[in-house]
Amino acid sequence: MKNFKHYFLLGVSLLGLNWSSVQAADFPNKDRQITLIVPFAAGGPTDRVARDLSESLRKHLGVPVVVENDAGGPGGLIGASKLLRAAPDGYTLMVHHIAMGIFPSLVKNLPFKVDTDFEYLGMINDVPMTLIGKPQLPANNYKELKAWVLQNKGQVNMANAGLASASQLCGMLWQATIQVDMATVPYKGTAPAMTDLIGGQVDLLCDQTTSTTSQIEGKKVKAFGVTTLKRLATPALKDLPTLDEQGEKGFNVTIWHGLYGPKGMPADVALKINNALKSSLKDPEFIKKQEGLGAVVITDKRSDPAEHKRFVLSEVTRWAPVIKSAAIYAD
Ligand code: ASP
């Protein structure tokens, strides 16, 4: 075997090929698996998207695609940093969300650059959020919630998935909108936050519909509004009013997910992964699962790596002044 590899590599170099182009031709090797890093806890919205996607990618790439939860750090920094330490060979990828667009504004001393350190492999979906509360809350609609929060200033808290998370962004924007400062309770993802919300240990949470839909449907939490300008089509959420129509004019937050690799992947490997992703975005089973949870699978050009990157950078520009004016800062 050793000899075979030696002569094979010698042949490769005599033919003027380089090792990475050989690896690319071989990708994905049937004896290997692809690891999909999720920088948040299992059972949360990012994990949910990644698990649905991994099943679909497996069909298109023909090798196992295994989700690994590397939770922790602001905006999933631990998982993102792990991705950047991995070999750029296509076998370690990451599903991440809007943190890529808010990291630069929210996290000082970010140990990487979102524009140059990642391989952009295409966007996956857009996901609205919902403002939800523990079942024991006395309020039954948004008007009552706001009145209760204003009466109990200083005692109400809000859970989130840590600094630079989608839930932090939404929660802080909402607090800035209603001009109430609340204590925030950070978790390593919104799955553990949801468990505590259902148990009544925390009061409020703003989280993606991919994890809140079933809890709202099952009446495990109280729902007060959706964060998009339009109501949602998902049957379980179609009667839930937007925050905008309930008086918070212009309140509009949509979370998105994309697929990333470490910088330096061979172009052929990146192309094969992007092609597999595009097939998944047309996979009826994947679409059905995502739509059932209120997510909108990408059908526009943001499934292209260059457009994905352009979009993320436009989000960095879009959120910077919003974050600054809402005075959401952290070290
Ligand atoms: N929804 C989380 C957030 O607030 C992340 C997660 O657990 O997927 O960013």
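Residues numbered from 1 in each chain as written. Predicted model: local features only at pLDDT ≥ 70, side-chain atom pairs only at ≥ 80, totals over all residues. Heavy atoms only, no water.

Draft legend 1. Main features of the overall build of the chain. Along its length, the chain carries 12 helices and 10 strands. When the backbone C-alpha atoms are referred to their principal axes, the chain occupies close to 75 × 40 × 35 Å. Put simply, the chain has 331 residues, and 55% of those count as buried. In the chain, of all internal contacts separated by at least 6 residues, the share reaching a separation of at least 24 is 78%. Here the chain contributes 36 positive and 31 negative side-chain charges, whose respective centroids are spaced 0 Å apart. (Helix = DSSP H or I, 4+ residues; strand = E, 2+ residues; numbered from the N terminus. Buried < 20%, exposed > 50% of the residue type's maximum accessible area, 1.4 Å probe, protein only. Contact = heavy atoms within 4.5 Å. Lys, Arg positive; Asp, Glu negative; His and termini not counted. Charge placed at Lys NZ, Arg CZ, Asp CG, Glu CD.)

Draft legend 2. Representation of the site of the ligand. Surrounding the ligand, one finds Phe40, Pro45, Thr46, His97, Ala161, Ser165, Ala166, Ser167, Gly189, Thr190, Asp207 and Gln208. Backbone polar atom of threonine 190 to an oxygen atom of the ligand: 2.8 Å apart, as the coordinates give it. The separation between a nitrogen atom of the ligand and a polar side-chain atom of glutamine 208 is 2.8 Å. Looking at the shell around the ligand, the elements with two or more residues in it are helix 3 (45-61), helix 7 (166-178) and strand 7 (204-208). For the shell around the ligand, a count of residues per class yields 4 nonpolar, 7 polar and 1 charged. (Near = heavy atom within 4 Å. Polar contact = N/O pair within 3.5 Å; in protein donor to acceptor, adjacent residues only side chain to side chain. Nonpolar A, V, L, I, M, F, W, Y, C, P; charged D, E, K, R; others polar.)

Draft legend 3. Molecular detail of the pattern of salt bridges. For the structure shown, the criterion picks out 18 salt bridges. With a shortest N-O distance of 2.9 Å, arginine 51 and aspartate 47 are connected by a salt bridge. Of this pair, arginine 51 and aspartate 47 both sit in helix 3, 4 residues apart, roughly one helical turn. Of the charged contacts in the structure, one is a salt bridge between aspartate 244 and lysine 249, with a shortest N-O distance of 3.6 Å. Connected through shared salt-bridge partners, Lys59, Asp283 and Glu285 make up one network. (Salt bridge = Lys/Arg side-chain N within 4 Å of Asp/Glu carboxyl O.)

Draft legend 4. Looking closely at the packing of aromatic side chains. In total, this model carries 7 aromatic pairs according to the counting rule given. An angle of 70° between the planes, with centres 5.3 Å apart, marks the rings of tyrosine 120 and tyrosine 260 as edge-to-face. You can see tyrosine 120 sitting in strand 4 (residues 118-133) and its partner tyrosine 260 sitting in strand 9 (residues 254-262), a full 140 residues away along the chain. The buried category is assigned to tyrosine 120, whose relative accessible area is 6%. Each residue in the set Phe103, Phe112, Phe118, Tyr120 and Tyr260 is aromatic and connected to the rest through ring pairs, giving one cluster. Sitting over the face of the ring of tyrosine 91, arginine 32 holds its NZ or CZ atom 3.8 Å from the ring centroid. (Phe/Tyr/Trp six-rings, centres within 6.5 Å; stacked < 30°, edge-to-face > 60°. Lys NZ or Arg CZ within 6 Å of the ring centre and 35° of its normal.)

Distances and angles like these do not, on their own, reveal function.
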